[in-house]
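# A closer look at the structure
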Amino acid sequence: MTSPLARIEFYPQESKRLIGIKYEEFITLVALAEESHLEKQAEIEKIKIRLIASGGGRKAEMTPKEGVCLYLVKLRRKLTFEILELLFNLWRIKANSTFNYWVEILMEILPISQMKEAKKDEWKYQELWEVLSEYELLIDSAEEAIERPGNYQEQKKNYSGKKKIHTLKNQFRVL
């Protein structure tokens, strides 16, 4: 099975279909994410108490390019971590931690929504509210299958009687 990153690099015209952005935008995003990743690693190194010399220990399993690709594939295709495990040839738990790591980095890089930005300033919020009141809001939802949680309370919260499995509920809002 070919990894999504290998497929994108071999067929750049398919990147829009696979990860939702053009190949050039993907490369730009990777460069920005790599800068932020290096800064974050430098901050961690400053406060780290070293027992082993720098350069020792386990090497990273994924490059920043692979991490950003995993993040985009997960968001675009709504795949479970079991499927990402197969696609990127790593353990499910590592796929989960990699996704969560890149979520933090990419949330800093990517622009925030206009509503979040406007909530800080009341005047901007009122102006945006007037503009958006002309549109129609459509809301839909879907359920994404997840592995059965170990905690009983989490099981109760995530169980879908309709699907008869444990799921995460996703809502989509479109103007």
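Here we summarise the structure given alongside this text. (Residues numbered from 1 in each chain as written. Predicted model: local features only at pLDDT ≥ 70, side-chain atom pairs only at ≥ 80, totals over all residues. Heavy atoms only, no water.)

### Focus: the pairing of strand β3 (residues 165-174)
Working note: regular strand, side chains alternate between the two faces of the sheet. Counted only if it meets this: Think of it this way: DSSP has to see at least two bridges between two strands before they count as a pair. Labels follow the DSSP assignment, with helices taken as runs of H or I lasting at least four residues and strands as runs of E lasting at least two, numbered in each case from the N terminus.
Taken together, the eight bridges between strand β1 (residues 138-145) and β3 define a ladder with antiparallel strand orientation. Looking at the pairing, A142 lines up with N170 of β3. In the sheet, strand β2 (residues 159-160) pairs with β3 via two bridges, with the strands oriented antiparallel. The residue bridging S160 from the neighbouring strand is I165, located in β3. Turn length for the β2-β3 hairpin, with the two strands adjacent in sequence and antiparallel, is four residues, and the turn residue K164 shows positive phi of about 65°.

### Observations concerning helix α3 (residues 23-47)
Defined as follows: Expected span, for any helix, means 1.5 Å times one less than how many residues it has. A 1.4 Å probe rolled over the protein chains alone gives each residue an accessible area, and that area as a share of the maximum for its type sets the label: buried under 20%, exposed over 50%, partly exposed in between. What makes two residues a contact is simply this: any of their non-hydrogen atoms within 4.5 Å.
Look at α3: 36 Å from first C-alpha to last across 25 residues, which is about the 36 Å you get at 1.5 Å a residue. Listed in full, the buried residues belonging to α3 are Y23, F26, L29, V30, A33, S36 and H37. In this fold, the buried residues of α3 make contact with α1 (4-10), α2 (15-19), α4 (64-77) and α6 (92-109).

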